[in-house]
Amino acid sequence: MGANVGVQERVDVDVDLDHRMRRVFADNAQPLYYYLLRLTRGQGQLAEDLLQETMLRAWSRLSELPADDATIRRWLFIVARNLSIDVARARAARPTEVYGMDVSWAHSPDDEFDGLLDRAALADVLRKLTPEHRAVLVELYYGDVSVAEAAARIGIPEGTVRSRSFYALRAARGIIGGPGALAA
């Protein structure tokens with residue numbers, strides 16, 4: 001019978017704490033929400049989240065809180081203010097997030113300049129290649145023709161076009177200094 005008395009006392013304490021938390025919430029939730037709404041500059045969802053976190057902290061320390069309602073309210077407002085400061089600092093520490101915004105259509109001002117630089121670099125590379133290698137690359141990549149068509153236009157066998165294009169690209173990589181330049 002002694003074990004049942006201990007269980008009953010814990011149940012009574014739990015019921016008392018439950019009633020006390022309900023009273024703390026009922027007395028303070030609305031003014032605290034409006035306070036948090038001001039601190040979050042009208043962000044209702046954030047104010048609700050902060051209110052919930054404040055009440056969760058009150059619930060976890062309910063047995064430690066004083067019985068005086070004014071002191072509890074003051075404590076709740078201090079906790080809420082500190083939580084809102086923490087959220088503001090966390091948001092300021094990371095960049096603004098952009099959701100669902102398609103910016104692929106936007107013209108980048110660097111595109112034209114980059115294209116100009118690429119064309120100048122390509123012209124420089126083509127000038128440094130042998131005339132045979134340059135002719136094959138121009139036909140294949142600028143003329144956008146097949147190996148057979150390039151062979152017919154230049155007047156050399158298809159195998160030679162393939163071989164020259166391989167060595168021309170290897171030489172071009174070596175001139176540019178890009179990936180694979182050291183492997184050549």
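Refer to the structure printed above.
Residues numbered from 1 in each chain as written. Predicted model: local features only at pLDDT ≥ 70, side-chain atom pairs only at ≥ 80, totals over all residues. Heavy atoms only, no water.

## Side note on unusual backbone geometry
Now for step 1: Backbone geometry places Arg 41, a non-glycine residue, at a positive phi of 55 degrees.
Now for step 2: When you line up the elements, Arg 41 lands in the loop between helix H1 (2–39) and helix H2 (44–60).
Now for step 3: Not every positive phi belongs to a glycine, and Asp 144 is a case in point at roughly 50 degrees.
Now for step 4: Checked against the element boundaries, Asp 144 lands in the loop between helix H5 (131–142) and helix H6 (147–154). (Helix = DSSP H or I, 4+ residues; strand = E, 2+ residues; numbered from the N terminus.)

## Regarding H5
Now for step 1: Restricting attention to buried positions, one finds in H5 the residues His 133, Val 136, Leu 137, Glu 139 and Leu 140. Buried positions in H5, seen along its axis, are confined to an arc of 165 degrees and lie on one side of it. Of the residues in H5, the exposed ones pointing more than 90 degrees away from the buried face are Pro 131 and Tyr 142.
Now for step 2: Positioned one or two residues after H5, Asp 144 has a phi angle of 50 degrees, which is positive. (Buried < 20%, exposed > 50% of the residue type's maximum accessible area, 1.4 Å probe, protein only. Arc of directions from axis to C-beta.)

## Points about the packing of H6 against helix H7 (residues 158–176)
Now for step 1: Interaxial distance between H6 and H7 falls to 8 Å at its minimum, and their mutual angle equals 100 degrees. On the basis of the axis angle, H6 is roughly perpendicular to H7. Side by side, H6 and H7 meet where Val 147, Ala 148, Ala 150 and Ala 151 of the first sit next to Glu 158, Val 161 and Arg 162 of the second.
Now for step 2: Tallied by class, the residues present in the contact of H6 with H7 amount to five nonpolar, no polar and two charged. (Axes fitted to C-alpha atoms, helices over the stretch in contact; angles between N-to-C directions. Parallel < 35°, antiparallel > 145°, perpendicular 65-115°, else oblique. Contact = heavy atoms within 4.5 Å. Nonpolar A, V, L, I, M, F, W, Y, C, P; charged D, E, K, R; others polar.)

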